[in-house]
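A closer look at the structure
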Amino acid sequence: MELFELTKQLMSIPSTSGDEEAVGFWLRDHLTSLGWQVELQPVSENQNNVIAWLNDTPRVWLSTHMDTVPPFLPPSEDEEKIYGRGSCDAKGIIAAQITAAERLRADGVEDIGLLYTVEEERSSTGAKTANLHPLAAKCEYMINGEPTDNDLAIGSKGTFRLKIKTVGKAAHSAYPEEGDSAIERLLDILEDVRHTRFPNDEFFGETTVNIGTIEGGMALNVIPPSAEAGLAIRLTTPRAPIEEALRSVVRDRAEIVVLSCSEPVRMIEVDGFEKKVVRFTTDIPYLTNWGKPLLLGPGSILVAHTKDEFIVKKDLENAVELYVSLVKELLATNEHE
Ligand SMILES: [Zn+2]
């Protein structure tokens, strides 16, 4: 199936996180019909990773995720672009990788594999499960695909997600001296967080904090007994110094509940590719058993997750060329060692 057709075919099967089963079945059938060995690796009751390979020594793997953020936006196109959910994050990437893999195979390269995960957009349980798969041991290089504008990402920031919870005492709002406002406590803390200078890193850049959610209170005429804010910190250093700085700001005024953390990752460099550091997090921190990581994919992260998501067709075609040459380069480098 031709590159753009394959992209649109994958996009036409809705697969928001938790609902990837149908697209996984389609990929299994498609890759099987092309002659790949394919395994569905169970992650949860209705979620399976797709793992495909050709011979007994798949040394270089191409991977990305099958799930998308909501809502489903059906594919459409014009001369220049394909529009809709998953066009750039990440079904266009799956299509480019499969096309590249088939081209490699036509050139006699068979030491390759394909890994498509579930749940990347939420908790990366797909990647965590994939990390336990026995074929990981045969993988020397894992080329993960996310929208990097076809540049080779040599670093990606980490993500530290947490909640700050305050407790007060409810009272009638006309008698504030009887109560203690958890919301006012939270606002004071958040104000301090906003003025905190967190450690940065020369290679990865600036540590940034997003106060993404805020909840609390019961009614307009009740002093709020509880409140909480959700923060996502884009890590450029290991978690420890950032958490330390945060705890020294919050002190004993609130409880900090850690939701998840992925550390910043350095990826390998390859001569001849445009390089950059990306700010988003991928499945890579959870695929530690899958060889050395690389990150490259067509499209812009700035349109991913938006209602205007698109991919430029020319970029999809370029990605195929880049994946082919990257895989060949990695296989060749290794032979000399
Ligand atoms: Zn993605």
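Before reading further, recall that the structure is shown in the block above.
Every value quoted in this text rests on a predicted model; they were computed, and no experiment measured them.

Section: the overall build of the chain
- A tally of regular secondary structure across the chain gives seven helices and 16 strands.
- Principal axes of the C-alpha set define a box for the chain whose edges measure 80 × 45 × 40 Å.
- Looking at the chain as a whole, 52% of its 337 residues qualify as buried.
- Contacts in the chain between residues far apart in sequence, at least 24 positions, make up 79% of those at least 6 positions apart.
- Put simply, the chain shows about 15,300 Å² of open surface, and 49% of that area lies on carbon and sulfur atoms.
- Here the chain carries 33 positive and 55 negative side-chain charges, and the mean point of each set is 3 Å from the other.

Things to note about the pairing of strand 8 (residues 152-156)
- Judged by how many residues are buried, strand 8 sits mostly within the fold: five of five residues are covered.
- As paired elements, strand 8 and strand 13 (residues 265-266) share two bridges and run antiparallel to each other. Across the sheet, residue G155 finds its bridge partner in strand 13, namely R266.

Digging into the sheet that holds strand 11 (residues 226-235)
- Across the sheet, which stays open at both edges, the four strands sit in the order 10-11-9-12 with antiparallel pairing between neighbours. The sheet terminates laterally at strand 10 (208-216) and strand 12 (255-262), the two strands that pair on one side only. Put simply, the sheet's adjacent strands are angled 15° from each other on average, direction ignored.
- Pairing of strand 9 (residues 158-167) with strand 12 involves seven bridges; the strand directions are antiparallel. Residue pairing across strands places L162 opposite V258, the latter belonging to strand 12.

Structural notes on the coordination of the zinc ion
- The zinc ion binds to the protein through H65 (NE2), D89 (OD) and E146 (OE); the donor distances cover 1.9 to 2.1 Å.
- When the donors of the zinc ion are listed by position in the chain, the intervening gaps give H-x23-D-x56-E. Taken together, the residues H65 in strand 3 (residues 60-65) and E146 in the loop between strand 7 (141-144) and strand 8 connect sequence positions 81 residues apart. In terms of burial, H65 and E146 fall into one category: buried.

A word on the packing of aromatic side chains
- Applying the stated rule across the entire model yields three aromatic pairs.
- Judged by centre distance (6.4 Å) and plane angle (55°), the ring pair of Y83 and F310 falls under tilted. Within this pair, whereas Y83 is found in strand 5 (residues 81-83), its partner F310 is found in strand 16 (residues 310-312), the two being separated by 227 residues in sequence.
- Positioned above the aromatic ring of Y286 is the side chain of K128, whose terminal nitrogen or guanidinium carbon lies 5.0 Å from the ring centre.
- The ring centre of F4 lies 5.4 Å from the NZ or CZ of K313, which sits over that ring.

Remarks on the pattern of salt bridges
- Counted according to the given criterion, the structure contains 22 salt bridges.
- With its nearest N and O atoms 2.5 Å apart, the salt bridge here joins E77 to K8. In this pair, E77 sits in strand 4 (residues 76-77) while K8 sits in helix 1 (residues 3-11), placing the two residues 69 residues apart along the sequence.
- Overall, E77 belongs to the partly exposed group, its relative accessible area being 39%.
- Given the relative accessible area of 15%, K8 is considered buried.
- Its salt-bridge partner being R253, residue D192 comes within 2.9 Å of it at the nearest N-O pair. Of the two residues, D192 is situated in helix 5 (residues 182-194) and R253 in the loop between helix 6 (239-250) and strand 12; the sequence distance between them amounts to 61 residues.

Quick notes on the rules
Residues numbered from 1 in each chain as written. Predicted model: local features only at pLDDT ≥ 70, side-chain atom pairs only at ≥ 80, totals over all residues. Heavy atoms only, no water. Helix = DSSP H or I, 4+ residues; strand = E, 2+ residues; numbered from the N terminus. Buried < 20%, exposed > 50% of the residue type's maximum accessible area, 1.4 Å probe, protein only. Contact = heavy atoms within 4.5 Å. Areas by Shrake-Rupley, 256 points an atom, 1.4 Å probe, with all protein chains shown as cover. Lys, Arg positive; Asp, Glu negative; His and termini not counted. Charge placed at Lys NZ, Arg CZ, Asp CG, Glu CD. Pairing = 2+ DSSP bridges. Axes fitted to C-alpha atoms, helices over the stretch in contact; angles between N-to-C directions. Donors = N, O, S within 2.8 Å, 3.2 Å for Na, K, Ca; no water. Phe/Tyr/Trp six-rings, centres within 6.5 Å; stacked < 30°, edge-to-face > 60°. Lys NZ or Arg CZ within 6 Å of the ring centre and 35° of its normal. Salt bridge = Lys/Arg side-chain N within 4 Å of Asp/Glu carboxyl O.

Honestly, that's just the spatial picture; any functional story needs more than this.
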